[in-house]
Amino acid sequence: MGQFISARPSLKRKREPESEDQNQARKILHVEGSNKDVQSNSTTTSTSFSRPHWNYDVFLSFRGEDTRKNFTDHLYSALDGVGIRTFRDDEELGRGKTISTELLNAIRESKISIVVFSKGYASSRWCLDELVEIVHCKNIIGHTLLPIFYHVDPSDVRKQTGTFAEAFSRHEKRYQSDMERIQRWRKALNEAANCSGWDLESIANGYESRFIKEIVEEVLCKVNPARLDVARHPIGIESRVHHIKDLLNLGTSDVCIVGIYGMGGIGKTTLVKAVYNEICVAFEGSSFLSNLKESSEKPNGLVHLQEQLLNDILKMNFKIGNVDRGINIIKERIQGKKVLVILDDVDDFEKLHTLVEKEWFGSGSRIIVTTRDEQLLTQLEVNKKYKVEELNNWESLRLFSYHAFGTALPRNDYQELSISAMKYAGGLPLALVVLGSFLKGRSIDEWKSELEKLRRTPHDKIQKILRISFDSLDSSTKDIFLDIACFFVGMDKEYAIKILDGCNFFPGIGMPILIQRSLVTIECQNELKMHNLVRDMGREIVCEESPKYPGKRSRLWFHKDVLNVLHKHMIFNMLKVLNLSNSKYLPKLPNFSQVPQLEILILEGCTSLVRVHESIGYLKRLVLLNLQSCENLRNLPSSISNLESLQTLVLSECFNLEKLPEQLGNMTALTKMRADNIAIKQLPSSFSLLKNLETLSLRRCECLIESPEFLQTSRLKELILEGCTNLVKVHESIGLLKRLVSLNLGGCKRLRNLPNSISNLQLLETLDLSNCLELDKLPEQLGNMTALTKMSANNIAIKQLPSSFSLLKNLETLSLRRCECLIESPEFLQNSRLKELILEGCTNLVEVHESVGLLKRLNYLTLFGCKKLRNLPNSISNLELLETLNLSDCLELDKLPEQMGNMKALKCLHANKIAIMQQPSPLGLSRNPGIISSFECGRPSSSWISPKSSNHISLLPSIYEICSLTGVSQLVLDGCNLSENEFPIEFGCLSSLMVLDLSRNNFHNLPSCISRLPRLQDLSLHECTTLQSISFCTSVPALNANGCTSLERILILTNKISSSFSLNNCHKLVEIQSLNSVRSGTTVFMGRCNNLANDFRNSAIQMMCKADDGCSLCLPGSEIPNWFSHQIIGSLISFRVPSFLDGQISKVLLCVVYAANKEVSRNSDNWGWRFCNKTRNPTKYFTADSCKSIFYSCDDHIFVEVTSGDDIKLEMKSGDEIELFVKVLPHEEMECEMQVRKLGIHLLVDEPNVTDKAESSRDDEL
């Protein structure tokens, strides 16, 4: 065993244990009401960034007999002299010994191996074994191999010729029984010789000192590359670095560009520095060009950046002179090299092309670009994008605490204040660092004062960074940004766009720009959102317009500021926007003559407002007036007609507004008028003078009797009269609206006819006449509306369409759903663009016209519920693009076209309850295996052959034929009299099947092939009355098996189910074996399953203690388990929260015993509960509705639901008095009542001082 010599001691580092910090952070965040992502991210988000650590920089591999006391010794001394930690085996291994574990570990713990190939290297089997391990580490762990050819030809090493051939001749004789070892040696030599290295004869002309100097210089660069300082406390970096490395796909040889974007201060630069440090050693050269925006704007900035790029990669000093010359030099000198280039903070697409192009660099090169503007990455055509998101609460708390206290968590007496600061920062690293550093060492009073100040005035250093994005916008986009920051956060995006469009701010382009630059986001339900600090920055910009005098600002959003300004009786010429929305106690408006420059006035939701001041007529520049939901407003001042610049008027939901000003037509600039659900009977006669009006919406104006005249409103594009239930007439002048694109008359129940002039609307694209119940005829010249693409005429009284219908050559969608008087379909001679034809519920339809076969683009046809339809035209087989055909409930349809197999695109065929006696010959399903994605067949009507007959299976495609449909995703075989013996094993190979309905069939056991369907998500077995058992081997789909009256057992052979079970009325069910735990959102309903074993009942309820959030269970029973800590008879319970003993609430279990006053055949309704902390806020109730249905039964049932209860938990502290009230929320269609008999609540608490070793907490019962 040799002595190990190293230039320096090992520098192994251990990762800091974080379990106690994380556990303590959970306590802090839960106590303060901000527990988001503390536990869930503890395993995925590292809080400290670490790079690979090596015990040695270099491992020297050499044959001691050749070079130990000369070349290798000199090389070792030179490496040691510059501080490179080098391992060498100081003694030759003795004969018969094998390589030691220590030697193998030394290789694996070294960053680089330098292999000195000398003439006798291959003679040593130990050297060759060592080389095999080195090559293995190179391929597996990114180890670097650098060969030195010391007085040997590299080709001798590569091909094993010369002295290497002689050595292998001896080895092959010695190891005849172990030729695999010989091959490993050969392969290792070949691979090592192909690595980039040094040849003594060709590099230094045989001068060893110069040779060694060059080696040391290059090794020094690889061992100690110019690493970048990342951050003092790089919290949350590591997981994000791994994500970006995945996007970079470093193992491929293509040239890849990855774009990283996000708002200012989010940590883009810090992140790419860490990425650079991790991967730069894998490239021939690398360059990090930081702060590109600022650097490029300096004199000769781009030239200096080009010089830095060349200097970094080529390690030479370049002087370029001009940008064009720099481009050529970069192309020529870097071409073919594998390089890493990072361009940080790019704001201009053109600047990029002076520095990088994919074609300039060699295979395997990577380019990373950071920017605030996502659109720039789209222009650059990057391969992948990565948006940097905010830190989660756990990461935020640690980063803030490190800067404020120098520790991972805040001091006990500063916890609440730290949480407040963390919330203010909103996960923005810049804000967390700045605030933490500023507050460090300050007293609690100083903290409170600063945090209060921040609520009013944003921090300068933070704002300076964020404002860069704002300053780069053009003027109209700045206006959009400021309006959103001041007024529109939380507003529907489309509604905000309409307002901004009325102000001529061009939101069609401005809004996408704000989104691309991460200044605005669109969240669920299409709401506009901004980071709180970005919003505050926008509002601060407005405040800077006049710090001391709000009336001189362009926008006011605080109601108090607005009213103070308007009550000062001064002229405020700067004010452009007033927002008094939701001022519920504002009965009247002040004088507007003081704000003559006002452009936007928002009074939405001022429910007490009864009068608008006459002075509103002075607002000559007003472009938008929003009075929506001013419920008590009865009239408008006549002066409103003087608003000559007004473009948008919103009066919707002013329920008591019965009349509009007579001179409304004077508002000639008006383009949009929305007056939905108001009480007017007619519009003033001057309405027709609104020559610029483009949109008129009078939806649900139920008092409106007739439409206005449209004599001069020739620019109207959209007319909405939907739900005007008393409208009996549309004025003949509607035919003058030559630009009308959309007309909605849906729900005008008393409208009997349409004026013939409507046929003149040659630009009309959308026409909705649905639910015009008395409309029994359409204009004869309907076909003149040649631009029409969508026509909805559901539930109207027509018997047929006019003959000119077939002239609608651009029609794409025709819906005549529930037109019960319709006898025959129209002709389709020229409707060649039709894609969707809906004739569902036309109960008197007896014929579909033969010309339907001309609809070559039709992809959707439903005839569902056409009960009198007896046959289909043969031409329907010509619909080669048809994907969905629904024939269900066509009770008299006794034959299908013979050539249905020609419909090659058919994916969904629904054919329940039709009267066919046999399939067409052939049906043609097997002609197109893998195309059909949905098939329904079953539940035959009375005209079918009896299901008990011997040839019942011939009524539907054979199961073997269905097995050929490898693309089928939904299959309905309801009521087809099938048994398990008719399912071949091939049925389990339907790899795309996700939904399977086998209800009302004759199974005794579930066919075993069904449990092997790999993607099955939903299985229906309703009323399979002979079914006795069900088994699931692997995944468990959602199971609907209500009414399986013979079912006794369900066996689950998997650890945890994540799907819902509905097993109501399975009267013989005893148990679900192995139902141990369920995942979030799972429901298990076992209503009226009165045969359940007692042990199973108890274990099922006990299982809910381990269940995830949102799980629920329903089964028969009349008693709440005695282990529930708080329970009572009735629906209201009060209790005091016990001491948590340093633990924290993890879950809340709610248990209800209930019964209905009558039986109901289906699940329905929700139950809801109200929670109140009587100690802390006795008047505040938290209300929530369960998302689960209730099973209605006269018998007592138990319903248990689990919630993580974040909102509840955070309101509960030891000693608090809690009140909980449970109520069933009845469905309007249900005619029964539900009574809550008993109520129980149980709190589950994490055990204190939990270590994170297992990344989990054990629940203790209170």
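Residues numbered from 1 in each chain as written. Predicted model: local features only at pLDDT ≥ 70, side-chain atom pairs only at ≥ 80, totals over all residues. Heavy atoms only, no water.

Undergrad: Would you mind going over the nonpolar core with me for this structure?
TA: It is characteristic of soluble globular proteins that their nonpolar side chains tend to be buried jointly. Formed by 117 residues in total, the largest nonpolar core has its most connected members in Leu601, Leu625, Leu627, Leu745 and Leu863. Elements supplying a minimum of two residues to this core: α27 (559-566) and β29 (908-912). Leave out the neighbours within four places in its chain, and leucine 863 touches Leu839, Glu840, Leu845, Val848, Leu869, Leu872, Asn886, Leu887, Ser888 and Cys890. Counting residues in each nonpolar core, the second largest holds 93 residues, with Ile237, Ile266, Leu439 and Leu519 among its members. (Core = buried A, V, L, I, M, F, W, Y, C linked by side-chain atoms within 4.5 Å. Buried < 20%, exposed > 50% of the residue type's maximum accessible area, 1.4 Å probe, protein only. Helix = DSSP H or I, 4+ residues; strand = E, 2+ residues; numbered from the N terminus. Contact = heavy atoms within 4.5 Å.)

Undergrad: Just checking my understanding: could you explain the pattern of salt bridges for this structure?
TA: When charged atoms on two side chains of opposite charge get close, those side chains can pair. Evaluated as defined, the whole model comprises 35 salt bridges. Residue glutamate 65 is joined to arginine 63 by a salt bridge in which the shortest nitrogen-to-oxygen separation is 3.2 Å. In this structure glutamate 65 comes out as exposed when scored by relative accessible area, which is 65%. Put simply, arginine 411 and aspartate 413 hold a salt bridge, and the shortest N to O gap is 3.3 Å. (Salt bridge = Lys/Arg side-chain N within 4 Å of Asp/Glu carboxyl O.)

Undergrad: Would you take a moment to explain the sheet that holds strand β36 (residues 1049-1052) for this structure?
TA: Whether parallel or antiparallel, the strands of a sheet pair through hydrogen bonds between backbone atoms. Ordered in space as β34-β36-β38, the three strands form an open sheet in which the pairing is parallel. The two strands at the open ends of the sheet, each matched to only one other strand, are β34 (1029-1032) and β38 (1071-1073). Along the sheet, successive strands turn relative to each other by an average axial angle of 15 degrees, direction set aside. Across three bridges, β36 lies against β38 in parallel orientation. Residue pairing for β38: isoleucine 1050 is matched across the bridge by isoleucine 1072. (Pairing = 2+ DSSP bridges. Axes fitted to C-alpha atoms, helices over the stretch in contact; angles between N-to-C directions.)

Undergrad: I tried to follow helix α8 (residues 179-193) on my own but got confused; where do I start?
TA: Along an α-helix, residues three or four apart share an orientation, since each turn contains 3.6 residues. Given a rise of 1.5 Å per residue, 15 residues ought to cover 21 Å, and the 21 Å separating the end C-alpha atoms of α8 matches this to within 8%. Those residues of α8 not exposed but buried are Arg181, Ile182, Trp185, Ala188, Leu189, Glu191, Ala192 and Ala193. On its buried face, α8 sits against β4 (110-117), α5 (125-141), β5 (144-149), α6 (154-159) and α7 (163-174). (Expected span 1.5 Å × (residues − 1).)

Undergrad: Looking at this structure, I do not really get the pairing of strand β40 (residues 1112-1116). What am I missing?
TA: Strand residues, when the strand is regular, have side chains that alternate between the two faces of the sheet. Of all five residues that make up β40, five are buried, and the element is covered over most of its length. Bridge count for strand β39 (residues 1083-1085) against β40 is three bridges, and the pairing is parallel. Paired with threonine 1083 across the two strands is serine 1112, which belongs to β40. With respect to chirality, the unit in which β39 leads through helix α29 (residues 1094-1103) into the neighbouring parallel β40 is right-handed. Sheet topology note: the β40/strand β46 (residues 1197-1203) ladder contains five bridges and is antiparallel. Residue pairing in the sheet places proline 1116 in a bridge with histidine 1197 of β46. (Right-handed = clockwise from strand over helix to strand, strands pointing away.)

Undergrad: What exactly am I supposed to notice about the layout of surface pockets here?
TA: Empty space among the atoms becomes visible once a probe the size of a water molecule is rolled across them. In this structure, the second largest pocket spans a volume of roughly 1000 Å³. What lines the second largest pocket is a set of 37 residues, and nearest its centre among them are Gly265, Gly267, Thr269, Thr270 and Leu430. Broken down by secondary-structure element, the contributors of at least two residues to the lining of the second largest pocket are α11 (237-248), α12 (268-279), α13 (292-296), α18 (393-405), α20 (429-439) and α22 (460-471). Of the residues belonging to the lining of the second largest pocket, the class tally is 16 nonpolar, 10 polar and 11 charged. (1 Å grid on protein atoms, 1.4 Å probe; cavity = no way out; pocket = protein on both sides within 12 Å on 5 of 7 lines; lining within 4 Å. Points joined across faces, edges and corners; volume = space filled by probe spheres on them. Nonpolar A, V, L, I, M, F, W, Y, C, P; charged D, E, K, R; others polar.)

Undergrad: For this particular structure, what's the right way to read the packing of helix α3 (residues 71-81) against helix α10 (residues 208-223)?
TA: Relative orientation and spacing of two packed helices are given, respectively, by the angle between their axes and the distance between those axes. It is at 10 Å that the axes of α3 and α10 come closest, and there the two elements cross at 40 degrees. As judged from the angle between their axes, α3 and α10 are oblique. The two elements α3 and α10 meet at a crossing, and its hand is right-handed. Of α10, the residues touching α3 (which contributes Phe71, His74, Leu75, Ala78 and Leu79) are Glu208, Phe211, Ile212, Ile215, Val216 and Val219. In terms of residue class, the contact of α3 with α10 is built from nine nonpolar, one polar and one charged. (Parallel < 35°, antiparallel > 145°, perpendicular 65-115°, else oblique. Left-handed = near helix turned anticlockwise from the far one by under 90°.)

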